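One-letter residues, chain by chain:
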Amino acid sequence: MDVNLLQVLRLVHIVCGAFWLGCAVTLGFFVTPALLTGDVGSAQRLEHIMMRGKLGAILPVTVILAIASGLWLYRIDFPQMQIEFFTRRALDYTLGGFLAIIAFIVGISINLPTGSKIAVLANAIGPASPTAEQGAELARLSRKLLISSRAVAILTLGAGAFMALARFAR
Ligand code: HEM
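Residues numbered from 1 in each chain as written. Predicted model: local features only at pLDDT ≥ 70, side-chain atom pairs only at ≥ 80, totals over all residues.

Helix and strand content of the chain: five helices and zero strands. Taken from N to C terminus, the helices and strands of the chain fall in the order α-α-α-α-α. Across its three principal axes, the chain shows a C-alpha extent of roughly 65 × 30 × 20 Å. When the 170 residues of the chain are sorted by exposure, 27% land in the buried category. (Helix = DSSP H or I, 4+ residues; strand = E, 2+ residues; numbered from the N terminus. Buried ≥ 20, exposed ≤ 12 C-beta atoms within 10 Å, placed from the backbone.)

Formed by 18 residues in total, the largest nonpolar core has its most connected members in Trp20, Ala24, Ala103 and Ala159. Of all elements in the fold, only α1 (3-35), α3 (55-77), α4 (88-125) and α5 (132-166) reach the threshold of two or more residues within this core. Among the elements that make up this core, the one with the highest residue count is α5 (six residues). With sequence-adjacent residues up to four places away left out, tryptophan 20 is seen in contact with Thr62, Val63, Ala66 and Thr156. In terms of nonpolar packing, the next biggest core, distinct from the first, is built from 11 residues, Val40, Ile118, Ala122 and Leu141 among them. (Core = buried A, V, L, I, M, F, W, Y, C linked by C-beta atoms within 7 Å. Contact = placed C-beta atoms within 7 Å.)

Here we take up the packing of helix α2 (residues 40-52) against α4. In the contact formed by α2 and α4, the axes pass within 9 Å of each other and the chain directions differ by 120 degrees. Taken together, α2 and α4 sit at an angle that is classed as oblique. Regarding α2 and α4, the two cross each other, and that crossing is left-handed. On α4, the residues touching Val40, Ala43, Gln44, Glu47, Met50 and Met51 of α2 are Gly115, Ile118, Ala119, Ala122 and Ile125. (Axes fitted to C-alpha atoms, helices over the stretch in contact; angles between N-to-C directions. Parallel < 35°, antiparallel > 145°, perpendicular 65-115°, else oblique. Left-handed = near helix turned anticlockwise from the far one by under 90°.)

By nearness alone, 24 residues border the ligand, and Gly17, Gly70, Gly97, Met163 and Arg167 come closest of all. Secondary-structure elements contributing two or more residues to the shell around the ligand are α1, α3, α4 and α5. A per-class count over the shell around the ligand returns 14 nonpolar, seven polar and three charged. (Near = placed C-beta within 6 Å. Nonpolar A, V, L, I, M, F, W, Y, C, P; charged D, E, K, R; others polar.)

In the contact formed by α3 and α4, the axes pass within 11 Å of each other and the chain directions differ by 155 degrees. Classified by the angle between their axes, α3 and α4 sit roughly antiparallel to one another. Classified by chirality, the crossing of α4 by α3 is left-handed. Taken together, the residues of α4 that come into contact with α3 (itself represented by Val63, Ile67, Gly70 and Tyr74) are Tyr93, Gly97, Ala100, Ile101, Phe104 and Gly107.

Here we come to the environment of leucine 112. Residue placement: leucine 112 occurs in helix α4. Taking the C-alpha atoms as reference points, leucine 112 and leucine 145, 33 residues apart in sequence, are found 9.0 Å from one another.

For the rest of this paragraph, the subject is the environment of phenylalanine 30. In this fold, phenylalanine 30 is placed in helix α1. Residue phenylalanine 30 is classed as exposed on the basis of its C-beta count, with 11 C-beta atoms lying within 10 Å. Taking the C-alpha atoms as reference points, phenylalanine 30 and arginine 150, 120 residues apart in sequence, are found 9.5 Å from one another.

On to unusual backbone geometry. Positive phi outside glycine occurs at lysine 54, with the angle close to 70 degrees. Relative to the helices and strands, lysine 54 is located in the loop between α2 and α3. On the basis of neighbour counts, which here come to 10 C-beta atoms within 10 Å, the residue lysine 54 falls in the exposed class.

Before going further, it helps to examine α3. Taking 1.5 Å of rise per residue, 23 residues should cover 33 Å, and α3 covers 32 Å from first to last C-alpha, within 8% of that figure. Among all positions in α3, only Val63, Ala66, Ser69 and Gly70 are buried. Packed against the buried residues of α3 are α1 and α4. (Expected span 1.5 Å × (residues − 1).)

If you want it as structure tokens, here you go:
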């Protein structure tokens, strides 16, 4: 096995995985609960962080890099998938990878579209007061994003924990 390739894959995987985990925990446990109170101003501030602050573009790229390099490392580490080669270490990486992929699916199927809908609605309302209908929709979307971003934070924390435990698992 090419040691340089392994080093590059581990560098990309660990740096991007750490960035993803950090962002998921910060967004899920601190930013969305503090900002998404259901009013227009808070939705516009969140949109500012994600769009103008570019986190909405940087985070998906790092998530994809973390998953792609993780899958590549997994293929290198565990080329045999028969049950007799399935060690505790392999199980931990498998469970960690599985949780991370579920977090990715929740992120692209719920967080991304809900966040985009909040941004579109907040921009449509602008400095004016929202109608009763717009206010209700904003509160509903904010609650949804609050729950899904917390779920992603818990899933990525679980993935990170399994990755940390795997190396010396017997
Ligand atoms: C939240 C996402 C993730 C985080 C934070 C993360 C973190 C880490 C860390 C810190 C290590 C180094 C462990 C050590 O050397 O003791 C590692 C290794 C590894 N990860 Fe992940 N990981 C994530 C997602 C994934 C995914 C989706 C896969 C795909 C199955 C994966 C597969 C692996 C493998 C196979 C290794 C062992 C690499 C080696 O041979 O040294 N990881 N991960």
